[in-house]
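Listed below, chain by chain, are the residues.
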Amino acid sequence: MTTATRQEVLGLYRSIFRLARKWQATSGQMEDTIKEKQYILNEARTLFRKNRNLTDTDLIKQCIDECTARIEIGLHYKIPYPRPIHLPPMGLNPLRGRGLRSQEKLRKLSKPVYLRSHDEVS
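Predicted model, so just to flag it, every value in this text is computed and none were measured. (Residues numbered from 1 in each chain as written. Predicted model: local features only at pLDDT ≥ 70, side-chain atom pairs only at ≥ 80, totals over all residues. Heavy atoms only, no water.)

Asker: Looking at this model, I keep getting lost on the overall build of the protein. Mind explaining?
Answerer: Helix and strand counts for the protein come out as five helices and zero strands. The linear arrangement of helices and strands in the protein, starting from the amino end, is α-α-α-α-α. A buried classification covers 28% of the 122 residues belonging to the protein. Sequence-distant contacts, at least 24 apart, represent 66% of the contacts inside the protein between residues at least 6 apart. Roughly 8,800 Å² of accessible area belongs to the protein as shown, and the carbon and sulfur atoms make up 54% of that amount. (Helix = DSSP H or I, 4+ residues; strand = E, 2+ residues; numbered from the N terminus. Buried < 20%, exposed > 50% of the residue type's maximum accessible area, 1.4 Å probe, protein only. Contact = heavy atoms within 4.5 Å. Areas by Shrake-Rupley, 256 points an atom, 1.4 Å probe, with all protein chains shown as cover.)

Asker: Would you take a moment to explain helix α1 (residues 3-22) for this structure?
Answerer: Helical geometry: 3.6 residues make up each α-helical turn, so side chains three or four residues apart lie on a common side. Taking 1.5 Å as the rise per residue, α1 with 20 residues should run 28 Å; its terminal C-alpha atoms sit 28 Å apart, in good agreement. When α1 is considered as a whole, its buried residues turn out to be V9, L12, I16, L19 and A20. Relative to the axis of α1, the buried residues are bounded by an arc of 100° and lie together on one face. Exposed positions of α1 whose direction lies more than 90 degrees from the buried face are T3, A4, R21 and K22. (Expected span 1.5 Å × (residues − 1). Arc of directions from axis to C-beta.)

Asker: Explanation requested: the packing of α1 against helix α3 (residues 57-77) in the structure shown.
Answerer: Any two packed helices are characterised by the angle at which their axes cross and by the distance between the axes. Running from N to C, α1 and α3 point in directions that differ by 25°, and their axes come no closer than 11 Å. Viewed along their axes, α1 and α3 adopt a mutual orientation that is roughly parallel. The hand of the α1/α3 crossing is left-handed. Judged by residue contacts, T5, E8, V9, L12, S15, I16 and L19 of α1 engage I60, I64, C67, T68, I71 and L75 from α3. Of the residues in the contact of α1 with α3, the class split is nine nonpolar, three polar and one charged. (Axes fitted to C-alpha atoms, helices over the stretch in contact; angles between N-to-C directions. Parallel < 35°, antiparallel > 145°, perpendicular 65-115°, else oblique. Left-handed = near helix turned anticlockwise from the far one by under 90°. Nonpolar A, V, L, I, M, F, W, Y, C, P; charged D, E, K, R; others polar.)

Here's what the structure looks like:
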């Protein structure tokens, strides 16, 4: 990992923690705000620890893009959770059986950048 990439990743990590510190739930209830703040912190810690040992620059760039997209979507829609509503039907359901390889490939290709790590974490 280059120094510029390292600085970018650390900057994203810090911005997520700043975002969590200032986060307010749209419902205005304190319990919801606390739950959403915890979700943001736990999700960030889990994903950053999982990807700590990445060395492939393309894979690192994809993770940075996913992180940036999730931050922007969370700020825009005022929800910290991924928004899987733009996926095709059965987009997140795992498929079983033979002959579904092409459908599995299409499913992976149709998944938005901000949901790349959704299956791995949840």
